[in-house]
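Reading the structure
One-letter residues, chain by chain:
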Amino acid sequence: GDSVTQMEGPVTLSEEAFLTINCTYTATGYPSLFWYVQYPGEGLQLLLKATKADDKGSNKGFEATYRKETTSFHLEKGSVQVSDSAVYFCALSDRQTGANNLFFGTGTRLTVIP
Amino acid sequence: DGGITQSPKYLFRKEGQNVTLSCEQNLNHDAMYWYRQDPGQGLRLIYYSQIVNDFQKGDIAEGYSVSREKKESFPLTVTSAQKNPTAIYLCASSILGQVLDGYTFGSGTRLTVV
């Protein structure tokens, strides 16, 4: 079945540090991949997405590249800010099993300290 | 502003009680979803609905029930059959068949059994 595996958290970084949050997936079809972010007390928001192999999604300084050969979609940011503190979820949608449903990872909590 | 409103924000349930969580959207979205969020387990799909008067079970539907009498509303009832209901419940909506545009999430209801 479809699944997403994220790196365990929490992650604590100093401001301006480099961020990587690992995400790997298993899918039976041709998945689209997403990163969602949840700020404290809020619902999830779509951060970025990629729909096919080698696509790069980007938004707010965050990037992730769809790597079919390693079944990965790692989230990166070159210089984090305190305002990036949140929980980050990797997710996939598999057109073969149900394009309207999203499968989420466990989430990774990021704390950025000044 | 368009969005999803979940109420209440906090809810306490006694053993053996049924409780109903409200979810209302004014985005004119056809599809609506309920997810359960537990620490370390990510988001798991409870029920989803793609059209009024129709809904489908997700991965963990046991102990829950839903209705979809209006396009704007998708309430979730946590029944006494749900043995471990303490969690955060997130409601989401999307344009039907357009998961690539992302889901819009509410800010959640935190349910605690007392």
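In this report, we go over the structure that sits alongside the text. (Residues numbered from 1 in each chain as written. Chains lettered and ligands numbered in written order. Predicted model: local features only at pLDDT ≥ 70, side-chain atom pairs only at ≥ 80, totals over all residues. Heavy atoms only, no water.)

1. Focus on the overall build of chain B
The condition is simple: Per the convention used, a helix needs a DSSP run of H or I reaching at least four residues, while a strand needs a run of E reaching at least two, with both numbered from the N terminus. Here the globule rule is a power law, 2.2 Å times the number of residues to the power 0.38, and the radius of gyration is based on C-alpha atoms. By definition in these notes, contact holds between two residues if any of their heavy atoms fall within 4.5 Å. Where accessible areas are quoted, they stem from the Shrake-Rupley method and a 1.4 Å probe; at the residue level, only the protein chains shown are allowed to cover. Charge assignment in this entry is limited to Lys and Arg as positive and Asp and Glu as negative, and neither His nor the chain termini are counted. For the purpose of locating charges, the reference atoms are NZ of Lys, CZ of Arg, CG of Asp and CD of Glu.
When its secondary structure is counted, chain B shows zero helices and eleven strands. Along chain B, helices and strands appear, N-terminal first, in the series β-β-β-β-β-β-β-β-β-β-β. Against the 2.2 N^0.38 benchmark of 13 Å for 114 residues, chain B shows a C-alpha radius of gyration of 13 Å, consistent with a compact globule. Projected onto the principal axes, the alpha-carbon positions of chain B cover approximately 40 × 25 × 25 Å. Taking contacts inside chain B between residues at least 6 apart in sequence as the whole, the part at least 24 apart equals 53%. Just so you have it, chain B exposes about 5,600 Å², and 46% of that area is on carbon and sulfur atoms. Placing the 11 positive and 11 negative side-chain charges of chain B at their respective mean positions leaves the two points 8 Å apart.

2. As for the nonpolar core
Rule in force here: For this analysis, a nonpolar core means a set of buried residues of the types Ala, Val, Leu, Ile, Met, Phe, Trp, Tyr and Cys, connected via side-chain atoms within 4.5 Å. Note on exposure labels: buried denotes an accessible area under 20% of the residue type's maximum, exposed denotes more than 50%, and partly exposed covers the range between, all computed with a 1.4 Å probe on protein chains only.
Counting 26 residues, the largest nonpolar core has W35, L47, L48, F73, L75 and Y88 of chain A as the members making the most contacts within it. For this core, the secondary structure elements donating two or more residues are β2 (11-14), β3 (19-21), β4 (23-26), β5 (31-38), β6 (44-50), β8 (62-65), β10 (86-94) and β12 (108-113) of chain A. With four residues, β10 of chain A is the single largest residue contributor to this core. The next biggest cluster of nonpolar side chains, apart from the first, holds 20 residues, and it includes L11, Y64, Y89 and L111 of chain B.

3. Comments concerning the sheet that holds β8 of chain A
Residues and elements named next belong to chain A. How we decide: Strands pair, by our definition, only if DSSP identifies at least two bridges between them. Between the N-to-C directions of two axes lies an angle of 0 to 180 degrees, each axis being a line fitted to C-alpha atoms and, for a helix, fitted only over the stretch in contact.
Spatially, β3-β9-β8-β7 is the arrangement adopted by the four strands of the open sheet, whose pairing is antiparallel. The sheet is open, and its two edges are formed by β3 and β7 (56-59), each paired on a single side. Looking at each pair of strands side by side, their axes are set apart by 15° on average, direction ignored. As defined by bridge partners, β7 adjoins β8 across four bridges and the pair is classed as antiparallel. Note on β8: the bridge partner recorded for N59 is F62.

4. As for the sheet that holds strand β3 (residues 19-25) of chain B
Residue and element names in this part refer to chain B. Pairing is antiparallel across the open sheet formed by four strands, whose spatial order is β1-β3-β8-β7. Among the strands making up the open sheet, the edge pair consists of β1 (4-7) and β7 (64-66). Averaged over all adjacent pairs, the angle separating strand axes in this sheet is 20°, with direction ignored.

5. Topic: the state of the cysteines
All names here are of chain A. Rule in force here: Put simply, a disulfide is two cysteine sulfurs that come within 2.5 Å.
For the coordinates displayed, the defined rule picks out two disulfides over all chains. The partner cysteine of C23 in its disulfide is C90, sulfur to sulfur 2.0 Å. Here the S-S torsion is close to -70°, and the disulfide linking C23 with C90 is therefore left-handed. Here C23, found in strand β4, pairs with C90, found in strand β10; they are 67 residues apart in sequence, far enough to count as distant. Residue classification places C90 among the buried positions, given a relative accessible area of 0%.

6. Details of the interface of chain A and chain B
How big an interface is tends to be reported as the loss of accessible area on association of its parts. To keep it simple, the criterion reads: What gets called buried area is simply the loss in accessible area from a 1.4 Å probe that two parts show on being joined, summed for both. Two N or O atoms count as a polar contact when they lie within 3.5 Å, although within protein this holds only if one can serve as hydrogen donor and the other as acceptor, and sequence-adjacent residues are included solely when both atoms are side-chain atoms. The residue classification treats Ala, Val, Leu, Ile, Met, Phe, Trp, Tyr, Cys and Pro as nonpolar and Asp, Glu, Lys and Arg as charged. All others, Gly included, are polar.
Between chain A and chain B, the residue contacts involve 21 residues of the former and 24 residues of the latter. Summed over both partners, the interface of chain A with chain B comes to about 1,600 Å²; 54% of that surface belongs to carbon and sulfur atoms. In this structure, the connection of chain A to chain B is made through four residue pairs in polar contact (both at pLDDT 80 or more). Secondary-structure elements contributing two or more residues to the side of chain A that touches chain B are β5, β6, β10 and β11 (103-104) of chain A. Examining the composition of the side of chain A that touches chain B, we find that four residues originate from one element, β5 of chain A, more than from any other. Across the side of chain A that touches chain B, the residue classes break down as nine nonpolar, ten polar and two charged.

7. Things to note about the environment of Y48 of chain B
Tracing the chain through its elements places Y48 of chain B in strand β5 (residues 42-51). Its relative accessible area of 15% is what places Y48 of chain B among the buried residues. Here the alpha-carbon distance between Y48 of chain B and A92 of chain B, two residues 44 residues apart in the chain, equals 9.2 Å. In contact with Y48 of chain B, not counting residues within four places along its chain, are N101 of chain A together with M32, Y33, F55, Q56, K57 and F74 of chain B.

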